[in-house]
2 protein chains.
Amino acid sequence: MKNILLLGAGLSASTLIKYLLEHSESENWHLHVVDQNLELIQSKLAGHQRGTAHQFNALDSEARKPYIEKADLVISMLPAIYHVGVAHDCIALQKHLITPSYISAEMGALDASAKAAGIVIMNEIGVDPGIDHMSAMKIIDQIQAAGAELLSFKSYCGGLIAPISDTNQWHYKFTWNPRNVVLAGQGSAAIYKEAGALKYLPYHRLFQQTELINVPGYGQFEAYANRNSISYLDTYGLQDLPTIIRGTLRVPPFCAAWNALIQLGLTEDSYTIKNDGTFTPRMLLNTFIPFKDQRSVEQKLAAFLGSAAHLLPLFEEIGLFDANYIFKATEASPAQYLQELLETAWKLGPTDNDMLVMYHEFIYQKAGLKHKIESSMVAIGSDQRFTAMSDTVGLPVAIAAKLILNQSIQKTGVTLPVYKEIYEPILAELAQYGITFNEYETTI
Amino acid sequence: MKNILLLGAGLSASTLIKYLLEHSESENWHLHVVDQNLELIQSKLAGHQRGTAHQFNALDSEARKPYIEKADLVISMLPAIYHVGVAHDCIALQKHLITPSYISAEMGALDASAKAAGIVIMNEIGVDPGIDHMSAMKIIDQIQAAGAELLSFKSYCGGLIAPISDTNQWHYKFTWNPRNVVLAGQGSAAIYKEAGALKYLPYHRLFQQTELINVPGYGQFEAYANRNSISYLDTYGLQDLPTIIRGTLRVPPFCAAWNALIQLGLTEDSYTIKNDGTFTPRMLLNTFIPFKDQRSVEQKLAAFLGSAAHLLPLFEEIGLFDANYIFKATEASPAQYLQELLETAWKLGPTDNDMLVMYHEFIYQKAGLKHKIESSMVAIGSDQRFTAMSDTVGLPVAIAAKLILNQSIQKTGVTLPVYKEIYEPILAELAQYGITFNEYETTI
C-alpha cells in the first residue's frame, strides 16, 4: 500500500481529496490529510476507510517530518511561500512532492538535489499555472512537429461566475481573494512582447488596453495583460517568438468600469484616509472627483467619466453613491474602503457556481500561409465545495500523483508539466472529467 | 562683536553670505562659514576681513560644537534632515538657530526645550517655505482685521527659467535637482480642500487637472497641486477655510506634455529595464506605446496622444525619437532613462538666468460682496551665482538673522514667520531688494 500525504485541506483541495479517495482502492493508496481544522478534513474525507485526518500545523517542520517519512508522495496545498520548506524535507527523506504553484528561484535551485535524491518535485500543475501549460504545449508541440513557425501566442484565463449565477452588471463575484482582485496589476508595469518588440504597460493603462475574445457558447470576454508574460518564453522554449501576451479574463464592461475606479484613484493602497465615524461611500467618491459648483456627486462622476458615463449604474450598484452606509474601517486606504463595498456587492451566494475560462490563440505560418488556432476551455463549478477552481486545480494534481506513484512519470528533479510524457496522459484523463479544449483553426 | 556661524556654503548661500558681509561693519558681525569645500567658501567670502572660512564636515557634531559655542547665532543651510542635530547642539549651548526648511515632527518637539534655553529656532524662512508664508499671512491678517471672511486661498510657486533664457518648447530648464523634478508628485495622492470637501488627486491625474493663472507682465502659467495643502490650515490658523490649494507653477504646455510622459509610463521609478548596449530613446518610447502594424514610432505616439498630438515636437525636442543615442545607464528605471535625456535637453546654460514666480489668490466676503485679491511676485536671477533661488532663499534668512541679533525679533522656541512682528519688517526690507508683491483686488 502506498501512502499519500496531503498538507492543507483548504478550498482547492476538495476535488483533489475526492479523486484520491475514489482511486484509493484500485491503486491501493492510503491518504493522510494534515490541517489545523479537523472538522474541515473530516468533512472532506467523509469517513472513507482509506483516509486519515491529522490535526496539526502543517507548517511545523518537526511535526510533519514523521508523516513525510511514512509517505510515498507528498502534496503541498499550503500557501506558495511554504513549498520550499516542504521540498527540503522531501529531498532529505527521498519522497516525491507535488505543488500547484510557480517555481520560485529558491525552488528552482533545488533541482540538482532533487535529482540526486531520485525524487520528482512537480510544480505548476494546477490550472493557471498548470492546465494552461499543458494545453498550450500540446498545440505548440503539434505546430513545431509539423515544421511550421509559431508567430504569436496569446493566453488568457479568468476565474469568473457561471452564467446562471451572473446577477450583477459587473458580471463578477469574488471566487478568489478579494484583496488580490482589488490590487490586481499594481506595482511594476505589465510586460509582454508584440511583433518582436518588448512592451511595458503601466498600471493606470492596464484596464484600458484590453483585448476582446469570443468563446463559442459563452460569448464575449475581455483580457487585461498579466504582470510578466516574457518569462513564459523560457518556460515554453520559445525565446524567439515575436508575440507573447498572457492575461486575465473578465466579462465586458468590467474592465472599462474598473479602469474608471483606477482613474479616480479608488484602488490606491499606498496611503490611508481617516474615518471619523461619518465616512460614507458617497464621501469617499466625492473625495476623488473634481469639484464642480452646484453639481451632485452623480453629475460630477458622469462629467468625469465622459464617454464612459453610461457605466454610472455599475457604480450605483456597488453602493458608491450611498450616503447612509458608514464604513466599518476607521482608517484605510482607498483600495480597502472599496474592498469593503465590493465584499458586499460581489459576495458569492450559497447557491452560486463559479466558472473558469481559459483561452489560447496561436498564429503560425506554414508554406507561406498564416493560420490561427483558438483553443478554449470552460469549467463550471458543481457547488460551493466542488467549484470550478477546485476541479481544475485538484484534478491535474491528483492525476499527476497517480502517474508518479504508478511510475508512468519517471522524471526526477524540479519540473513542471511542459513535457509531452507528462501533459499527454494528464490532458487525456482530464477530458474524462469534462475538462476539454475546443479547438478552431482558420486561415488568416 | 557678534559671531554668526553658517553651516553649508552651497548654491542657496551666495546671496545670504553677500548680505551678511555687506552688513558686517554696520552691525559689527563676524561671519564664520563651514563647508568641506574650502575653495567654495573662499570664492563667496571674496577675502572680506569679517569673514572666515572653516574647512570641515559640518555634519560632524563634535567638530562643529566649539564653533557653535563661540557663535551668537547659527544658520544651517545643510540638507533638511540634519537641522535637528544642529538644533540639539544649539539648545544645549543656548544659541539661536535659523533654517530655511519645513519644521519636521522632531524639530517641532524641541519647542519647549528651545524656550527653556531662551533661544529662537526660526524655520521655514526661505522662499517656499518662507516668503510664501509671509506674503500670504500679511494679506490674511489684513482681511481678518477688516472683519471679512476668507473663503478661498490658493498659492502657487515655481522655480523656472527667465524669459530671456527661455529657449525651448517646454519653457523649462533644471534650476533644481533633476531627479526631484522627474519624480515630482509620485507617491501619495495630492490632498487639498475645495468648497468644504477634502479632495484627493492621484499622481496619474496630477498634471491633467491644472489651473491657469495670469501674472501681469509675465503671461500665463499653469499650476499642478502640491502633495499636502491641508497642513497649511493649521500653519495659518485657518482650520475652517473651505478652499485651500497649493501648487507648483510651470509654463504651458509643460503640464500637458508632462502628463503624456506620465500616461506613457516614462516617469515610473519602481522597476528597471536592462540596457544591453543598444538601448536608444526611440526604443524606450516604443516600449511604452501600443503596437500598431506598419506605423512609425512618431505615428504611434501621435495616435496615443490623440487630441494632444500637437505636442509631438516637444517630445522630439527632448530626443525621445532619437535612434542613434545609446543610453549610458546599463540598467535603469524609465524615470532614470528619461532623466538622462532631460539633463541634456534642459541643461542650464552658463549665461542662463533662473526665475522664481509666486502667486496667491484670496477670495473673501465682506458685507455680502465677494472680493478677489491676486498677489504675485517674480524674481529673476542676476547670474549663475546670484540666482533668483539664492536671492529669495538667502535674503529672508539673512534679514531674520539681523532682526534676531539686534533683538527686533524676541520670540523664542521653534517657530516660523507667520507672525506680524516677524513678517512685517522682513517683507519691508525684501522690498528694498526688489522682492515685492503686486496686488490686484477686484469684486467678483
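On a predicted model such as this, the values are computed, not experimentally measured, just so you know.

### Concerning the overall build of chain A
What chain A contains, in helices and strands, is 18 helices and 18 strands. Taken over the C-alpha atoms alone, chain A extends approximately 75 × 60 × 40 Å along its principal axes. Out of the 444 residues belonging to chain A, those deemed buried represent 56%. A fraction of 70% describes how many contacts in chain A between residues 6 or more apart in sequence connect residues 24 or more apart. Of the roughly 17800 Å² of accessible surface on chain A, 50% is carried by carbon and sulfur atoms. Each charge class in chain A can be summarised by its mean position, and for the 33 positive and 45 negative side chains these summaries are 2 Å apart.

### Focus: the sheet that holds strand β17 (residues 413-415) of chain A
All names here are of chain A. Across the sheet, seven strands lie side by side as β3-β2-β1-β4-β5-β6-β17; this open sheet has parallel pairing. Where the open sheet ends on each side, the last strands, each with one partner, are β3 (51-55) and β17. Adjacent strand axes in the sheet meet at a mean angle of 15 degrees when their direction is disregarded. The pairing of strand β5 (residues 96-98) with strand β6 (residues 120-122) spans two bridges and is parallel. Directly across from Ile98, in β6, lies its bridge partner Met122.

### A look at the packing of aromatic side chains
Residues and elements named next belong to chain A. This model, assessed by the stated rule, comprises 48 aromatic pairs over all chains. Seen in terms of ring centroids, Phe254 and Trp258 are 5.8 Å apart; in terms of plane orientation they differ by 10 degrees. Their pairing is stacked. Highlighted residues: Phe254 and Trp258, both in helix α12 (residues 254-264), separated by four residues, approximately one helical turn. Comparing Phe254 with Trp258 shows no difference in burial state: the two are buried. Note on Phe279 and Tyr337: the rings are 5.1 Å apart at their centroids and 65 degrees apart in plane angle, and the pair reads as edge-to-face. Residue Phe279 is located in the loop between β13 (273-274) and α13 (281-288), and its partner Tyr337 is located in helix α16 (residues 334-345); the two are separated by 58 residues in the primary sequence. In this structure, Phe279 and Tyr337 share a single accessibility class: buried. An aromatic cluster of at least three residues, connected via ring pairs, comprises Trp170, Tyr172, Phe174, Phe207, Tyr224, Phe254, Trp258, Phe315 and Trp346.

### Quick look at the relation of the copies chain A and chain B
When chain A is fitted onto chain B, the two copies agree to an RMSD of 0.1 Å after a turn of 180 degrees and an axial shift of 0.0 Å. Taken together, the turn and the small shift mark the pair as related by a two-fold rotation axis. Among all residues of chain A, the minimum C-alpha distance to the rotation axis is found for His204 of chain A, at 3.6 Å. The overlap is high: 100% of the interface residues of chain A also sit at the interface in chain B, so the same surface is used on both sides.

### Observations concerning the pairing of strand β16 (residues 369-380) of chain A
Residue and element names in this part refer to chain A. In this structure, strand β15 (residues 354-366) lies alongside β16, joined through 12 bridges in antiparallel fashion. Directly across from Val357, in β16, lies its bridge partner Val378. Here β16 pairs with strand β18 (residues 438-443) via six bridges, running antiparallel. Bridging across to β18, Glu374 finds its partner in Tyr440.

### Some remarks on empty space enclosed by the protein
All names here are of chain A. Summed over all chains, the structure comprises two cavities of 30 Å³ or more. Put simply, the largest cavity is a space of about 40 Å³. Considering only enclosed or pocket space, the second largest cavity measures out at about 30 Å³ in volume. What lines the second largest cavity is Asp128, Asp132, Ser155, Tyr156, Cys157, Asn226, Arg246 and Gly247. Among the secondary structure elements, those contributing two or more residues to the lining of the second largest cavity are β7 (149-161) and β12 (243-250). In terms of residue count, the dominant contributor to the lining of the second largest cavity is β7 (three residues). Among the residues forming the lining of the second largest cavity, the class breakdown is two nonpolar, three polar and three charged.

### Looking at the side chain of Asp35 of chain A
Residues and elements named next belong to chain A. Mapped onto the elements of the fold, Asp35 is located in strand β2 (residues 29-35). Buried within the structure, Asp35 lacks any salt-bridge partner; Lys44 is the closest side chain of opposite charge, at an N-O distance of 7.5 Å. Engagement of the side chain of Asp35 in a polar contact is seen with the backbone nitrogen of Asn37, the distance being 3.0 Å. Ignoring sequence-local partners within four residues, the contact set of Asp35 consists of Gly8, Ala9, Gly10, Leu40, Ile41, His54, Gln55 and Phe56.

### Some details on the interface of chain A and chain B
Interface size, as often reported, equals the accessible area lost upon joining of the parts. Of the residues lining the interface, 31 residues belong to chain A; the matching set on chain B comes to 31 residues. Here chain A packs against chain B, burying approximately 2400 Å² in sum over the two surfaces, 53% of which is carbon and sulfur. It is Tyr200, His204 and Phe291 of chain A that lose the most area in chain A upon contact with chain B, and together they represent 25% of the buried surface on that side. Taken together, chain A and chain B are joined by zero salt bridges. At the junction of chain A with chain B, the criterion picks out 16 residue pairs in polar contact (both at pLDDT 80 or more). Sort the elements by how many residues they give to the side of chain A that touches chain B and strand β9 (residues 197-201) of chain A lands first, with four residues. Grouping the constituent residues of the side of chain A that touches chain B by class yields 16 nonpolar, 10 polar and five charged.

### Some remarks on helix α1 (residues 14-22) of chain A
Across the nine residues that make up α1 of chain A, a large majority, seven, are buried. Buried residues of α1 of chain A: Ser14, Thr15, Leu16, Ile17, Tyr19, Leu20 and Leu21 of chain A, and no others.

### Quick word on the environment of Leu73 of chain A
All names here are of chain A. Tracing the backbone through its elements, the reader meets Leu73 in strand β4 (residues 73-76). Judged by relative accessible area, which is 0%, Leu73 ranks as buried. Considered as a pair, Leu73 and Ala345 are 272 residues apart in the sequence and their alpha carbons are 42 Å apart. What Leu73 contacts, discounting residues up to four positions off in sequence, is Asn3, Ile4, Leu5, His96, Ile98, Ala401, Ile404 and Leu405.

### Remarks on the pattern of salt bridges
All names here are of chain A. Overall, the coordinates contain 26 salt bridges over all chains when judged by the stated rule. When the shortest N-O distance is used, the salt bridge between Glu62 and Lys65 registers 3.6 Å. A residue pair is termed a helical-turn pair when its members lie 3 or 4 positions apart in one helix, as Glu62 and Lys65 do in helix α4 (residues 61-70) at three residues. In this structure Glu62 comes out as exposed when scored by relative accessible area, which is 56%. Given the relative accessible area of 30%, Lys65 is considered partly exposed.

### With respect to the sheet that holds strand β3 (residues 51-55) of chain B
Residue and element names in this part refer to chain B. With parallel pairing, seven strands are arranged side by side in an open sheet as β3-β2-β1-β4-β5-β6-β17. Sheet topology places β3 and β17 (413-415) at the edges, where each strand pairs with a single neighbour. On average, each strand axis in the sheet is tilted by 15 degrees relative to the strand beside it, whichever way the strands run. The sheet contact formed by strand β6 (residues 120-122) and β17 spans three bridges and is parallel. Of the residues in β17, the one forming a bridge with Ile121 is Val414. The strands that helix α3 (residues 38-45) touches are β2 (29-35) and β3; relative to β3, the one it contacts most, it runs at about 175 degrees.

What counts, and where the lines are drawn
- Residues numbered from 1 in each chain as written.
- Chains lettered and ligands numbered in written order.
- Predicted model: local features only at pLDDT ≥ 70, side-chain atom pairs only at ≥ 80, totals over all residues.
- Heavy atoms only, no water.
- Helix = DSSP H or I, 4+ residues; strand = E, 2+ residues; numbered from the N terminus.
- Buried < 20%, exposed > 50% of the residue type's maximum accessible area, 1.4 Å probe, protein only.
- Contact = heavy atoms within 4.5 Å.
- Areas by Shrake-Rupley, 256 points an atom, 1.4 Å probe, with all protein chains shown as cover.
- Lys, Arg positive; Asp, Glu negative; His and termini not counted.
- Charge placed at Lys NZ, Arg CZ, Asp CG, Glu CD.
- Pairing = 2+ DSSP bridges.
- Axes fitted to C-alpha atoms, helices over the stretch in contact; angles between N-to-C directions.
- Phe/Tyr/Trp six-rings, centres within 6.5 Å; stacked < 30°, edge-to-face > 60°.
- Least-squares fit on C-alpha atoms with pLDDT ≥ 70 in both.
- 1 Å grid on protein atoms, 1.4 Å probe; cavity = no way out; pocket = protein on both sides within 12 Å on 5 of 7 lines; lining within 4 Å.
- Points joined across faces, edges and corners; volume = space filled by probe spheres on them.
- Nonpolar A, V, L, I, M, F, W, Y, C, P; charged D, E, K, R; others polar.
- Salt bridge = Lys/Arg side-chain N within 4 Å of Asp/Glu carboxyl O.
- Polar contact = N/O pair within 3.5 Å; in protein donor to acceptor, adjacent residues only side chain to side chain.
- Buried area = accessible area lost by both parts, 1.4 Å probe.

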